[in-house]
Amino acid sequence: MFEDPEGYMRDFQTRMASMVERASSLGDAMAGASATAASPDGEVEVTVGVGGALQELRLGPGIRQMSAVSLAEMIKAVYRQAADSAGRNATGALAEVFGEDNELVRQARARSEGQE
């Protein structure tokens, strides 16, 4: 570093530019990682974002014939489906940016597969 400070600074700037580009790519990819799932007959539709954040919940007219307990169970089941898909989408986004062999990607895959 002290023998070639200009070279060191050029290398540093190149690495920083690469990190900024990756962060931007990751942000774009993660923004599209949300997922939507619906019950078989369309009574419930849920959209979940990265990290499990509930983004949208739509209830169809078919819920009028359901008990509160049945509706709650259906919402939870559809939410889990959407959250699992969003998790897989987020892991895919990480893999696109960092590559499949990245430790962060391997950890995310293990978590999504329940292997923590």
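Scope of this entry: the structure provided in the associated data block. Just so you know, these numbers come straight off a predicted model, no measurement behind them. (Residues numbered from 1 in each chain as written. Predicted model: local features only at pLDDT ≥ 70, side-chain atom pairs only at ≥ 80, totals over all residues. Heavy atoms only, no water.)

### Points about the sheet that holds strand 2 (residues 44-48)
With antiparallel pairing, the 3 strands of this open sheet are ordered in space as 1-2-3. In this open sheet, the two strands that pair with only one neighbour each are strand 1 (35-38) and strand 3 (54-59). Across the sheet, the axes of successive neighbouring strands diverge by a mean angle of 10°, strand direction being ignored. Across the sheet, helix 2 (residues 68-98) lies against strand 1, strand 2 and strand 3, angled at about 35° from strand 2, the strand it touches most. (Pairing = 2+ DSSP bridges. Helix = DSSP H or I, 4+ residues; strand = E, 2+ residues; numbered from the N terminus. Axes fitted to C-alpha atoms, helices over the stretch in contact; angles between N-to-C directions. Contact = heavy atoms within 4.5 Å.)

### Points about the packing of aromatic side chains
Considering all chains together, one arrives at 1 aromatic pair under this definition. Summarising the aromatic geometry, the rings of Y8 and F12 are spaced 6.4 Å apart at their centres and angled 15° between planes, so their arrangement reads as stacked. Of this pair, Y8 and F12 are both found in helix 1 (residues 5-31), 4 residues apart, which corresponds to roughly one turn of the helix. (Phe/Tyr/Trp six-rings, centres within 6.5 Å; stacked < 30°, edge-to-face > 60°.)

### Here's the deal with the pairing of strand 3
Sheet analysis places strand 2 next to strand 3, joined by 5 bridges and oriented antiparallel. Each residue of the ladder has a partner; that of V48, found in strand 3, is L54. Where strand 2 folds back on strand 3, the antiparallel hairpin that results is connected by 5 residues, among which G51 adopts a positive phi of roughly 80°.

### Some points on the nonpolar core
Across soluble globular proteins, nonpolar side chains show a tendency to be buried alongside one another. Counting residues in each nonpolar core, the largest one holds 10 residues, listed as A35, A37, V44, V46, V48, L71, M74, V78, A82 and A86. Only strand 1, strand 2 and helix 2 provide two or more residues apiece to this core. The dominant element in this core, judged by the number of residues it contributes, is helix 2, at 5 residues. With residues up to four places along the chain from it excluded, the contact list for V78 reads A37, A38, S39, V44 and V46. Among the nonpolar cores identified, the runner-up in size contains 6 residues, and L26, L94, A95 and V105 belong to it. (Core = buried A, V, L, I, M, F, W, Y, C linked by side-chain atoms within 4.5 Å. Buried < 20%, exposed > 50% of the residue type's maximum accessible area, 1.4 Å probe, protein only.)

### Observations regarding the environment of S34
Its place among the elements puts S34 in the loop between helix 1 and strand 1. Taking relative accessible area as the criterion, S34 reaches 28% and is therefore assigned partly exposed. Note: C-alpha distance between S34 and S85 (51 residues apart in sequence) is 7.9 Å. Once residues lying within four places of it in the same chain are set aside, the contact partners of S34 are T47, V48, G49, Q55, A86 and N89.

### Some points on the packing of helix 2 against helix 3 (residues 103-112)
Interaxial distance between helix 2 and helix 3 falls to 9 Å at its minimum, and their mutual angle equals 165°. Viewed along their axes, helix 2 and helix 3 adopt a mutual orientation that is roughly antiparallel. Read as a crossing pair, helix 2 and helix 3 show a hand that is left-handed. Residues T91, L94, A95 and F98 of helix 2 touch helix 3, and the partners they reach there are L104, V105, A108 and R109. Here the residues of the contact of helix 2 with helix 3 are counted per class, giving 6 nonpolar, 1 polar and 1 charged. (Parallel < 35°, antiparallel > 145°, perpendicular 65-115°, else oblique. Left-handed = near helix turned anticlockwise from the far one by under 90°. Nonpolar A, V, L, I, M, F, W, Y, C, P; charged D, E, K, R; others polar.)

Treat this as a map of the structure, not an account of what it does.
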